[in-house]
Structure formats: C-alpha cells, structure tokens
Amino acid sequence: TNAHHIAVIPDDGIGKEVVPEGLRVLKTVSEKFDCAFAFDHFDFASCDYYLKHGQMMPDDWKALLGDHDAIFFGAVGWPDTVPDHISLWGSLIQFRREFDQYVNLRAARLMPGVSSPLANRGPGDIDFMIVRENTEGEYSSIGGKIFPGTEREVVMQETVMTRTGVDRILRFAFDLAQRREKKHLTSATKSNGISITMPYWDERVEAMAANFPDVRWDKYHIDILAAHFVQHPDWFDVVVASNLFGDILSDLGPACTGTIGIAPAGNINPEREFPSLFEPVHGSAPDIAGHGIANPVEQIWAAAMMLDHLGERDAAAAVVSAIEAVLAEPQYRTPDLGGPAKTSECTEAICRALRDIG
Ligand code: NAD
Ligand code: IPM
Ligand code: MN
C-alpha cells in the first residue's frame, strides 16, 4: 500500500492535546486496515510560532504543505498573547482561501446514550450535515477604515458573493443531499434584511434546485432557523449556509447534541487541486487547556472524515462506529459530557473498540 502523506499541525491550546490522540487512532487504523500514513509535523500556524517569528507561518508555507494528501489540524488561537484576527487570518483563513477549500463540511449527530440539552430527544432526532461556504461571503478582505482615530471614523467590510462561489457550494450541498436517505436540503437566508446578497443567494438556490429534482428543499431566515435547530432539530438533513451563518449554525447544531467537543470539520477542496484540511469545529479552549480533559472525539471524528476523503471508506466508518460505541459508555466520557474520563482514557477506549470491530 502507498502511504497517505499527511501534514500535521497541532497549533495552540487543546489542539496540542487532541491532535496526538487523533494520531493514535490513525495508528490503530493502520494496524487494522490495509492502509498506511506518512506524517510530517509542522510547528507553525501557532501563537508560539508567532511570538518567535513575528508571523504565523513561514513565507514558503504553501510549498511546504501543498503536495500533502491532507492536513490534520488542531485549533489555532491564544487571545492572551496574540489578537485572534491576527492569528486566524495569518493561518487557518489563509489555508481555506489559498488552498481553495471552499466547502466546510460539519456534522451534528446525537450519539446513542448521550443526552441532548433539548428535552425528549434521542438518537436519530439530530443527525444532519452543515455545508458552510468557506472562502467568501461575510469573511471578505474588502473593506477598510477611514479617518482613523477621529470622530469621523468609518469602518466597512463588504460581503462578497460570486456566482462561481455561490453555485459551487450549492452544487456540493445538493449533491450531498441527493446521496443521503432523506434527500432534503435547507438553505439559510436573510433576504428580508440583507437586501442585495441574500436575495441573490436565494435566486441561485432556486436555480440550482432545478438540477436536483429529487431533492426536497426549503429555506428559512437565519433567525428562525436558529430557533428551529433547538425546537425541531429532526427537520434537518443537509443545511447549506453562507460563511458566517454556517459558522454560527455549526456551533449551535453540535451544542444541541450534548457538547461542542465532538464536532468535526472538513475544509475541502473537492477538485483536489490542493490539500483539504481536517480539524475540530471548535477552538483552542484556553479555559481547559493543559488539564488533559479535552474531549478528543472532535479530533478523532475529523480523522474519520479525513479517511473518507482519502478513499479509506471502511476505516472511516469503523472509526465512527468506535466513537459511537465508546460514547455510549458513561465511564469513557470526558467532563464536557458529564463523564469522569481523561482525554487519553477516551481515546484508548476508542482504539480498543476499533480493534474489536468486525
Ligand atoms: P472554543 O471552541 O475554543 O471554546 C468554547 C468552549 O467550548 C470552552 O468552554 C471550551 O472549553 C469548550 N470546548 C471546546 N472544545 C472542547 C473539547 N474538545 N472538549 C471539551 N470542551 C471543549 O472557543 P473560544 O473560546 O471562542 O475560542 C478560543 C480560541 O480558539 C480563540 O483564539 C478562537 O479564535 C480560536 N478558535 C479557533 C478555531 C479553529 O482553529 N478552527 C475555532 C474556533 C475558535
Ligand atoms: C471556525 C472558527 C473560525 C471561523 C474562526 C476561529 C476564524 O470559528 O472554524 O468555525 O470563524 O471560521
Ligand atoms: Mn466557528
């Protein structure tokens, strides 16, 4: 077997704790399945690197990472030492834009045995994917500040939607919905208030829907959509959203499944012109970093998403099954899920479950 060539970037805070756990699971995968990995470790894209070098990444980062099959990423940001917009725009946002990872695919699933903060919800009631536009929209670099430091100060940051950018994310989302059992797509909009870009988004959704006659689709304004996530999470299958709306929904969705500490994200360049990047949805969690209690499931589930992207479908499915089996056991849950387990104990249980599968 040819080894998959993976760039490993743990970054900051709990990223440094959960990335090694993800690698332990991948090592178990390579013992059990017919696949191999070659890992290259990088220390940049972290606030420690910034403090030493005055920038988040070396100038040749694109060349250093560009020919890897995927990037396995932790979480970046340490606001006590480096302002977030500097650390994030100097790393993660550069990857997404420069490697054209225009899909941010995120999962929200209530796992068997885990209790939802929403009353009377069980497994099967919350199981949807969020397809977040990841390179344009509200996260644009078009804007600026004029008359700085005066009473006339003005700041602006434009929302940018291109036809190519909107259509390709919608095509990906409809295509995903078409391949799922429920074949249902929901679009997040705000065309009542944001009167130029959001009506355009709606118009492109309608045009794209014509190519997918077997996908049932609907749309909600983002405000009521957030409410429906809480009151009717069972309505959703694939949810497509602009960059900012998708960001918010992808914290809310997993929160409804009991913790934000299990949610994975794939920053995907579907054309495979550049490496895709797999990471947890969540951040460096400064409040718990260094205590060995972070939930490793987000990073391990991100590893499963990466396996799927690399074509290792059986291994990916086995990792997700192992996660499900372990989360069903209260003693292996980390404190965010009300359990007593340390990060490493949860991972060990997942590795054991993986060895026992099939
Ligand atoms: P956060 O996601 O880091 O933490 C929010 C809350 O969730 C905290 O209470 C944290 O303890 C908890 N949490 C998150 N992951 C957990 C896990 N695996 N197990 C248990 N609890 C978990 O969000 P924040 O506090 O807003 O951000 C902290 C830093 O991370 C900031 O610098 C922010 O910009 C950055 N950030 C980075 C990414 C990324 O790299 N993709 C994503 C979000 C935030
Ligand atoms: C995420 C994060 C990032 C985003 C931040 C840290 C810039 O919240 O990956 O969801 O907004 O995309
Ligand atoms: Mn976010």
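Residues numbered from 1 in each chain as written. Chains lettered and ligands numbered in written order. Predicted model: local features only at pLDDT ≥ 70, side-chain atom pairs only at ≥ 80, totals over all residues.

Colleague: Whenever I open this one, the domain arrangement of the protein chain confuses me. Can you help?
Modeller: Much of the literature gives interface size as the accessible area that the parts lose upon coming together. Domain boundaries in the protein chain define domain 1 (1–105 + 263–358) and domain 2 (135–255). Centre-to-centre, using C-alpha coordinates, domain 1 lies 25 Å away from domain 2. Listed as interface residues are ten residues of domain 1 and, on the opposing side, ten residues of domain 2. Of all the secondary-structure elements, those providing two or more residues to the side of domain 1 that touches domain 2 are α5 (92–98) and β4 (103–109). At three residues, the largest contribution of residues to the side of domain 1 that touches domain 2 is made by α5. Each residue belonging to the side of domain 1 that touches domain 2 can be placed in one class, and the counts come to six nonpolar, one polar and three charged. (Domains from an automatic or database assignment. Contact = placed C-beta atoms within 7 Å. Helix = DSSP H or I, 4+ residues; strand = E, 2+ residues; numbered from the N terminus. Nonpolar A, V, L, I, M, F, W, Y, C, P; charged D, E, K, R; others polar.)

Colleague: What should I look at first to understand the environment of T343 in this one?
Modeller: Mapped onto the elements, T343 comes out in helix α12 (residues 343–356). On a C-alpha basis, the gap between T343 and Y332 in space is 9.0 Å, while along the polypeptide they are eleven residues apart. Here T343 is in contact with E17, V18, E21, G292, I293, A294, P296 and T334, once residues within four sequence places are set aside.

Colleague: Is there a simple way to explain the packing of helix α6 (residues 163–179) against helix α7 (residues 197–209) in this structure?
Modeller: Angle between the axes and distance between the axes are the two parameters that describe a pair of packed helices. Where α6 contacts α7, the axes come no closer than 10 Å and their chain directions differ by 45°. Comparing the axis directions of α6 and α7 gives the class oblique. Once α6 is placed against α7, the crossing between them reads as right-handed. From α6, V166, D167, L170, R171 and F174 reach across to α7, where they touch W201, R204, V205, M208 and A209. Residues of the contact of α6 with α7, tallied by class, amount to seven nonpolar, no polar and three charged. (Axes fitted to C-alpha atoms, helices over the stretch in contact; angles between N-to-C directions. Parallel < 35°, antiparallel > 145°, perpendicular 65-115°, else oblique. Left-handed = near helix turned anticlockwise from the far one by under 90°.)

Colleague: Explain the sheet that holds strand β1 (residues 3–11) to me, please; I cannot follow it from the model alone.
Modeller: The strands making up a sheet are joined through hydrogen bonds of the backbone, oriented either antiparallel or parallel. Judged by pairing direction, the sheet is mixed, and its ten strands sit side by side in the order β2-β1-β3-β12-β11-β4-β5-β10-β8-β9 without closing on themselves. A strand with exactly one partner marks an edge of an open sheet, and here the two such strands are β2 (36–41) and β9 (216–221). The average undirected angle you get between the axes of adjacent strands in this sheet is 25°. Here strand β11 (residues 264–268) runs beside strand β12 (residues 276–280); their pairing, made up of four bridges, is antiparallel. Bridge pairing in β12 places G266 opposite F278. The sheet strands contacting helix α1 (residues 15–32) are β1, β2, β3 (70–75) and β12, and the helix crosses β3 at an angle near 140°. On the sheet, α6 packs against β4, β5 (127–133), β8 (184–189) and β10 (238–241) and is oriented at approximately 165° with respect to β5. (Pairing = 2+ DSSP bridges.)

Colleague: I would appreciate a short explanation of the site of ligand 2 in the present structure.
Modeller: Every residue lining ligand 2 is accounted for by G77, L88, D247 and V281. Partitioned by chemical class, the residues of the shell around ligand 2 number two nonpolar, one polar and one charged. (Near = placed C-beta within 6 Å.)

Colleague: Explain the pairing of β9 to me, please; I cannot follow it from the model alone.
Modeller: Successive side chains on a regular strand alternate, one facing one side of the sheet and the next facing the other. In this sheet, β9 lies alongside β8 in parallel orientation, the contact comprising six bridges. Note on β9: the bridge partner recorded for H184 is R216. As for the winding sense of the linkage, the β-α-β connection from β8 through α7 to β9 is right-handed. (Right-handed = clockwise from strand over helix to strand, strands pointing away.)

Colleague: What is the right way to read unusual backbone geometry from this model?
Modeller: Trans peptide bonds make up the majority, and among non-glycine residues the majority have a negative phi. Even without being glycine, N120 reaches a positive phi, approximately 60°. Structurally, the position occupied by N120 is in the loop between β4 and β5. Classification of N120 as exposed rests on a count of 6 C-beta atoms within 10 Å. A positive phi angle, near 45°, is found at K183, a position not held by glycine. In this structure, K183 sits in the loop between α6 and β8. Note on K183: 17 C-beta atoms within 10 Å, which makes it partly exposed. (Buried ≥ 20, exposed ≤ 12 C-beta atoms within 10 Å, placed from the backbone.)

Colleague: So what exactly am I meant to see when it comes to the nonpolar core here?
Modeller: The tendency in soluble globular proteins is for nonpolar side chains to be buried as a group. A303, V319 and I350 are the most contacted members of the largest nonpolar core, which has 109 residues in total. For this core, the element with the highest residue contribution is helix α11 (residues 313–327), accounting for ten residues. When residues of this core are assigned to domains, at least three fall in each of domain 1 (1–105 + 263–358) and domain 2 (135–255). If we skip the residues at most four places from it in the chain, V319 touches V25, V29, I300, A303, A304, L307 and L354. (Core = buried A, V, L, I, M, F, W, Y, C linked by C-beta atoms within 7 Å.)

Colleague: Is there a simple way to think about helix α9 (residues 243–255) in this case?
Modeller: Spacing of three or four residues puts side chains on the same side of an α-helix, whose turn is 3.6 residues. Look at α9: 19 Å from first C-alpha to last across 13 residues, which is about the 18 Å you get at 1.5 Å a residue. Within the span of α9, buried status applies to N243, F245, G246, D247, L249, S250, G253 and P254. Buried-residue contacts for α9 involve β4, β5, β8, α8 (222–231) and β10. (Expected span 1.5 Å × (residues − 1).)

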